[in-house]
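Examination of the molecular architecture
Here is how the chains run, residue by residue.
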Amino acid sequence: MAKEQSCGFRTSIGGQALIEGILMRGVDRQSIVVRTSDGNMVTKVDELHLIKEKHPWLGWPLIRGVVNFADSMVKGMQALTYSASFMPEEEQEEPSKLDRWIEEKFGSEKAEKFVIGTAVVLGLALAIGLFIFLPTLLVGLIPALRTGHDSLRTLLEGIVKLVIFLAYMYGVSQMKDIKRLFSYHGAEHKTIFCYEHRQELTVENVRKESRFHPRCGTSFLLVVVILSIFVFILVNAFLHVDNVFLRMLVKILLLPVVVSLSYELNRWLGRHDDMTFSRILSWPGRQLQHLTTNEPDDSMIEVAITALKLVIPDVQGADAF
C-alpha cells in the first residue's frame, strides 16, 4: 500500500517528467535520463550554476520565486528538447523550412536556444491568453458586472480561470503520449518519497510509495491560480478598474507578485506538510495529482532511480529542504 504520510527528512531535490525520461535537479547538479527505443538508458549530468551565485539578491524571498520559475521553464524546455531527440526517426517530425532557415542562419547551437526561447515565450503567451485574457473577457460580457461589483466580478473571473485550468489539465491528461509522460511523473514522485523515507532505492521499494507528493510543480500552478483570485480581489478593492483591457493589464503586471507569493507559500507548505493546517491548504494540489501523475511501470521506476542517484549530494543531508 502506498505511503502517504509525511516523512522526517525532506529533500530539495526535484524532478520533471520528460519524453520517455526524467530530469532530476539537485543542489549542485542536474541529471537527465532517457529510455531509448532499444531499451537502454542514456544519462546526462550537468553542473548547476545558479544566477543567485553571482547576484545574491535574486535569491531573496519574494524575488526568488520569479527567478526560479523562469529558470525552471528554460531548463525544463531544454531537457524536453533533449529527450525528444532520442525518439525513433519515424516519429520525429520533418524540419520545416523555417527550422532549416534558422539553423542555417544561426548554427545548430544558437538555433536550439532560439527555438527554446520562442517556445517559452509562446507558452507564457498561451497561459496569459487562457488564464487572464479569456476569463476577464468572458465575465466582462455580463452587462450587470461591467461597472461596480469589483469583488464579485473578480471572484467570477477567478472561478472561470479555475474551470479553464482544470478542464485543460483533464483534456491533456487523456492524451496517449501525455499519459506516459504523467507515468514518468508518478515515478519521479515515488522515487523521491522512497529516498526521503531513507529506504534503499530499488524498484520494489519505490513501487510501494505514493505518487502524490506535497512538493509538486503542478500543485504550484494550482496555487498560482487560486492565490491570484485573492490578490486580484484585494487590488481591485483599491483600484476599481472597470475597463476589460485595463483589468487584463493590471493582472499581467501583478503576475510576478502572484508567482512570488505562490512560491513562498508552496515552500512553507512543503516544509510543514506534517501540520493539519498545511495539509488542508495543500489538499487541492494533491487532488490535482490524480490527473497529472499515473502509476509507472518498472522500467520507468528504473529511469527515476538512476536519475535521482546521479544528483544525491556527496555530503549526506546537504540537500535538506
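Residues numbered from 1 in each chain as written. Predicted model: local features only at pLDDT ≥ 70, side-chain atom pairs only at ≥ 80, totals over all residues. Heavy atoms only, no water.

**Description of the overall build of the protein chain**
How we decide: Only DSSP runs of H or I with at least four residues qualify as helices, and only runs of E with at least two residues qualify as strands; both kinds are numbered from the N terminus onward. For a compact globule the rule gives 2.2 Å times the number of residues to the power 0.38, and the radius of gyration it is set against comes from C-alpha atoms. Relative accessibility decides the category of a residue: with a 1.4 Å probe and only protein chains considered, values under 20% of the type maximum give buried, values over 50% give exposed, and everything between is partly exposed. Each accessible area is a Shrake-Rupley result for a 1.4 Å probe, and residues are judged covered by the shown protein chains and nothing else. Counted charges follow a simple rule, with Lys and Arg positive, Asp and Glu negative, and His plus the chain ends left uncounted. Each charge is placed at NZ for Lys, CZ for Arg, CG for Asp and CD for Glu.
Of regular secondary structure, the protein chain possesses 10 helices and 4 strands. Mapped from its N terminus to its C terminus, the protein chain presents α and β elements in the order β-β-β-β-α-α-α-α-α-α-α-α-α-α. On C-alpha atoms alone, the protein chain measures out to a radius of gyration of 21 Å, which is about the 20 Å that the 2.2 N^0.38 rule sets for 321 residues. With the C-alpha coordinates of the protein chain rotated into their principal frame, the extents come out at 60 × 55 × 45 Å. Per-residue burial over the protein chain gives 41% buried out of 321 residues. For the protein chain, the accessible surface area stands at approximately 17400 Å², while carbon and sulfur atoms represent 64% of it. Of the side chains in the protein chain, 34 bear a positive and 36 a negative charge, and the two mean positions are spaced by 6 Å.

**Brief notes about the sheet that holds strand β3 (residues 29-35)**
Using the following cut-off: When DSSP finds at least two bridges between two strands, those strands are taken to pair. Note on geometry: axes are C-alpha line fits, over the in-contact stretch for helices, and angles between N-to-C directions span 0 to 180 degrees. By definition in these notes, contact holds between two residues if any of their heavy atoms fall within 4.5 Å.
Spatial strand order, β1-β2-β3-β4: 4 strands in an open sheet with antiparallel pairing. With one partner strand each, in any of the chains shown, β1 (14-18) and β4 (41-47) form the two edges of the open sheet. Going from strand to strand, the sheet's axes swing by 15 degrees on average, the running direction of each strand aside. Summarising the sheet, β3 and β4 pair through 7 bridges and their orientation is antiparallel. Along β4, the bridge assignment pairs Ile-32 with Lys-44. Against the sheet, helix α5 (residues 176-196) contacts β1, β2 (21-25) and β3, and its axis sits at roughly 160 degrees relative to β1. Across the sheet, helix α10 (residues 298-309) touches β2, β3 and β4, and the angle it forms with β2 is around 25 degrees.

**A few points about unusual backbone geometry**
With the exception of glycine, most residues fall at negative phi, and the peptide bonds are largely trans. Despite not being glycine, Glu-20 has its phi angle at roughly 55 degrees, a positive value. Of note, Glu-20 is situated in the loop between β1 and β2. When its relative accessible area of 24% is taken as the criterion, Glu-20 is described as partly exposed. With a phi close to 60 degrees, Arg-198 is a non-glycine residue in the positive phi region. Mapped onto the elements of the fold, Arg-198 is located in the loop between α5 and α6 (203-207). Judged by its relative accessible area of 41%, Arg-198 is partly exposed.

**What about the packing of aromatic side chains?**
To keep things clear, this is the line we draw: Two rings from Phe, Tyr or Trp (for Trp, the six-membered ring) form a pair when their centres are within 6.5 Å of each other. A pair whose planes differ by under 30 degrees is stacked, one over 60 is edge-to-face, and the rest are tilted. Think of it as a cone above the ring: NZ of Lys or CZ of Arg counts as a charge over the ring if it is within 6 Å of the ring centre and within 35 degrees of the ring normal.
Within this structure, the stated rule accounts for 6 aromatic pairs. Taking 6.2 Å as the distance between ring centres and 70 degrees as the angle between the ring planes, the aromatic pair formed by Trp-268 and Phe-277 counts as edge-to-face. Sitting over the ring of Tyr-82, Lys-44 keeps its end group 5.4 Å from the ring centre. The ring of Phe-321 carries the charged tip of Arg-271 above its face, separated from the ring centre by 5.2 Å.

**Concerning the nonpolar core**
Stated formally: As used in this record, nonpolar core signifies buried Ala, Val, Leu, Ile, Met, Phe, Trp, Tyr and Cys residues forming a set joined through side-chain atoms within 4.5 Å.
Of all hydrophobic cores here, the largest spans 22 residues; its most connected members are Ile-22, Met-24 and Leu-308. At the level of secondary structure, the elements contributing two or more residues to this core comprise β2, α5, α6 and α10. Those residues in contact with Ile-22 that lie beyond four places of it in its chain are Gln-16, Ser-31, Ile-32, Val-33, Tyr-184, Ala-187, Glu-188, Met-300, Val-303, Ala-304 and Ala-307. By size, the runner-up hydrophobic cluster in this structure holds 9 residues, among which are Val-224, Val-258, Val-259 and Tyr-263.

**What about the packing of helix α1 (residues 64-84) against helix α8 (residues 244-271)?**
The criterion, for reference: Any angle that is under 35 degrees is reported as roughly parallel, and any over 145 degrees as roughly antiparallel; angles of 65 to 115 degrees are reported as roughly perpendicular and all others as oblique. Put simply, Ala, Val, Leu, Ile, Met, Phe, Trp, Tyr, Cys and Pro go in the nonpolar bin, Asp, Glu, Lys and Arg in the charged bin, and everything else, Gly too, in the polar bin.
The geometry of α1 relative to α8 is characterised by a closest axis approach of 7 Å and an angle of 90 degrees between their N-to-C directions. With respect to α8, the element α1 is oriented roughly perpendicular. Of α8, the residues touching α1 (which contributes Arg-64, Gly-65, Val-66, Asn-68 and Phe-69) are Pro-256, Val-259, Ser-260, Tyr-263, Glu-264 and Arg-267. Split by residue class, the contact of α1 with α8 holds 5 nonpolar, 3 polar and 3 charged.

**A few points about the pairing of β1**
With 5 bridges joining them, β1 and β2 adopt antiparallel strand pairing. Across the sheet, the residue bridging to Ala-17 is Ile-22, located in β2. Hairpin connection of β1 to β2: 2 residues between the antiparallel strands, including Glu-20 at a positive phi of 55 degrees.

**Digging into the side chain of Arg-211**
Quick note on the threshold: Side-chain atoms alone can form a polar contact between residues adjacent in sequence; in general such a contact is a pair of N or O atoms within 3.5 Å, and within protein one must be able to donate a hydrogen while the other accepts it.
Along the chain, Arg-211 turns up in the loop between α6 and α7 (217-239). A polar side-chain atom of Arg-211 sits 2.8 Å from a polar atom in the side chain of Thr-293. One polar contact links Arg-211 to Glu-295, side chain to side chain, over a distance of 3.4 Å. Here Arg-211 is in contact with Gly-186, His-189, Lys-190, Gln-289, His-290, Thr-293, Asn-294 and Glu-295, once residues within four sequence places are set aside.

**Some thoughts on the pairing of β3**
Counting buried positions along β3 gives 7 out of 7 residues, so the element sits mostly inside the fold. Side chains of β3 alternate between two faces, with Arg-29, Ser-31, Val-33 and Arg-35 and Gln-30, Ile-32 and Val-34 buried alike. Taking the residues between adjacent antiparallel strands as the criterion, β2 and β3 are bridged by 3 residues. What sits between β3 and β4 in their antiparallel hairpin is a turn of 5 residues, with Gly-39 showing a positive phi close to 95 degrees.

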